[in-house]
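Examining the three-dimensional arrangement
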Amino acid sequence: MNPPFRPAPGPAVRDLASRIRRLPPSCGPVRLVGVDGHAGSGKTTFAGQLAAALGSAPVLRLDDIATHDELFDWTGRLLDQVIEPLAQGRTAHCAPYDWRARRFGTPRPLPPAPVVLVEGVGAGRRALRPRLALLLWMELPPEEAWARGRSRDGEEQREFWDTWVPAERRHFADDPSRPFADLLVLQRGKGYEVTAGPAVTIGPDQPLTHGDEPPAVC
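Residues numbered from 1 in each chain as written. Predicted model: local features only at pLDDT ≥ 70, side-chain atom pairs only at ≥ 80, totals over all residues. Heavy atoms only, no water.

1. Comments concerning the packing of helix α4 (residues 142-153) against helix α5 (residues 158-174)
The cut-off we apply is this: Between N-to-C directions, angles span 0 to 180 degrees; the directions come from axes that are lines fitted to C-alpha atoms, helices contributing only their stretch in contact. A run of H or I in DSSP becomes a helix once it reaches four residues, and a run of E becomes a strand once it reaches two; helices and strands are each numbered from the N terminus. Here the angle decides the label: under 35 degrees means roughly parallel, over 145 means roughly antiparallel, 65 to 115 means roughly perpendicular, and every other value means oblique. A crossing counts as left-handed when the near helix is turned anticlockwise from the far one by less than a right angle, and as right-handed when that turn is clockwise. The contact criterion used is simple: two residues touch if any of their non-hydrogen atoms lie within 4.5 Å. When residue character is reported, Ala, Val, Leu, Ile, Met, Phe, Trp, Tyr, Cys and Pro are called nonpolar, Asp, Glu, Lys and Arg charged, and the others, Gly included, polar.
The contact between α4 and α5 brings their axes to 10 Å, and the two run at 160 degrees. As summarised for this structure, α4 and α5 are arranged roughly antiparallel, according to the angle between their axes. Every pair of crossing elements has a handedness; the one defined by α4 and α5 is right-handed. Counted together, Glu-143, Trp-146, Gly-149, Arg-150, Arg-152 and Asp-153 of α4 and Arg-158, Trp-161, Asp-162, Trp-164, Val-165, Glu-168 and Arg-169 of α5 form the full contact between these two elements. Taken together, the residues of the contact of α4 with α5 break down into 4 nonpolar, 1 polar and 8 charged.

In structure tokens form, the structure reads like this:
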């Protein structure tokens with residue numbers, strides 16, 4: 001069976017990858033990059049292209065951390081299993097949650113690579129932000145993102161989405177990510193545009209370098 005086709009990263013994504021490499025580490029030896037946005041906003045696809053542009057950087061998907069019973073109450077598990085080991089320069093081990101079987105699987109290693117992407121709703125939560133070198137926000141209105149997600153998942157997941165949407169609203173009302181995003185990512189046709197986000201600085205204490213550069217467009 002042939003692997004799924006993934007378009008090559010465009011200029012905007014390659015430029016972003018170059019900028020990320022120049023950032024100082026934020027979590028031990030790791031440049032931890034958050035990719036946040038509403039469910040259905042395209043985080044997984046974008047993170048895959050960015051990971052490829054970074055030379056197959058590891059991607060931690062928060063869908064593997066969350067559960068049916070803990071859609072957003074997974075901070076402790078993320079810190080214990082992933083963040084603390086990486087901060088110490090050790091390989092983390094995360095047991096991915098199986099959404100069909102409703103149980104955790106076999107732990108998988110996550111090495112302290114130069115760049116690790118954290119992708120998922122809540123990647124920019126306040127408990128994680130101090131460890132991020134960069135926070136990216138997928139700029140798509142919630143209703144449009146949720147409609148895309150519902151269409152993607154089909155009728156089989158209708159009940160899940162009916163539970164998810166109010167839970168996501170509550171999460172972002174209490175712990176918003178977008179106001180702290182360093183960069184906004186907009187999908188433009190088959191490519192992306194990356195523009196400055198609401199945050200004044202990039203990462204915990206460093207500007208992104210060349211802050212007056214025009215937005216990169218794929």
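2. Examining the nonpolar core
Formally: Here, the term nonpolar core denotes a set of buried Ala, Val, Leu, Ile, Met, Phe, Trp, Tyr and Cys residues that are joined through side-chain atoms within 4.5 Å. Per-residue accessibility, obtained with a 1.4 Å probe over protein chains only, is compared with the maximum for each type, and a residue is labelled buried under 20%, exposed over 50%, and partly exposed between these values.
With 36 residues, the main nonpolar core has Leu-32, Leu-60, Leu-78, Val-82, Leu-86 and Trp-164 as its most contacted residues. Those elements that place two or more of their residues in this core are α3 (75-87), β3 (92-94), β7 (115-119), β8 (132-138), α5 and β9 (183-188). The element best represented in this core is α5, accounting for 5 residues. Aside from chain neighbours lying at most four places away, what touches Leu-78 is Leu-60, Leu-62, Ile-65, Ile-83 and Leu-128. Listed in part, the 25 residues of the second largest apolar core include Leu-16, Val-33, Leu-50 and Met-138.

3. Focus: the pattern of salt bridges
Put simply, the rule reads: In the sections that follow, a salt bridge refers to a side-chain nitrogen of Lys or Arg positioned within 4 Å of a carboxyl oxygen of Asp or Glu.
This structure, assessed with the given rule, holds 14 salt bridges. Put simply, Asp-174 and Arg-126 hold a salt bridge, and the shortest N to O gap is 3.9 Å. Residue Asp-174 is found in helix α5, and its partner Arg-126 is found in the loop between β7 and β8; the two are separated by 48 residues along the sequence. Owing to a relative accessible area of 54%, Asp-174 belongs among the exposed residues under this scheme. Owing to a relative accessible area of 44%, Arg-126 belongs among the partly exposed residues under this scheme.

4. Re the side chain of Ser-177
Selection criterion: As used in this structure description, the phrase polar contact means that two N or O atoms lie within 3.5 Å; if the pair is within protein, one of them must be able to donate a hydrogen and the other to accept it, and residues adjacent in sequence are counted only when both atoms belong to side chains.
Among the secondary structure elements, Ser-177 is positioned in the loop between α5 and β9. In terms of polar contacts, Ser-177 uses its side chain to reach the side chain of Asp-36, at 2.6 Å. Beyond its immediate stretch of four places on either side in the chain, Ser-177 contacts Asp-36, Gly-124, Arg-125, Leu-135, Trp-137 and Phe-172.

5. Considerations on the environment of Thr-195
Looking at the secondary structure, you find Thr-195 in strand β10 (residues 191-196). Under the relative-accessibility criterion, Thr-195 is labelled buried at 18%. Sequence separation of Thr-195 and Glu-139 is 56 residues, and the distance between their C-alpha atoms is 9.9 Å.

6. Section: the pairing of β8
Under the convention used in this document: Following DSSP output, two strands are said to pair if at least two bridges run between them.
Among the 7 residues in β8, 7 count as buried, and that is most of the element. Alignment of strand β1 (residues 31-36) against β8, held across 5 bridges, turns out to be parallel. Its bridge partner lying in β8, Leu-32 is registered against Leu-132. Across 3 bridges, β8 lies against β9 in parallel orientation. Along β9, the bridge assignment pairs Trp-137 with Leu-184.

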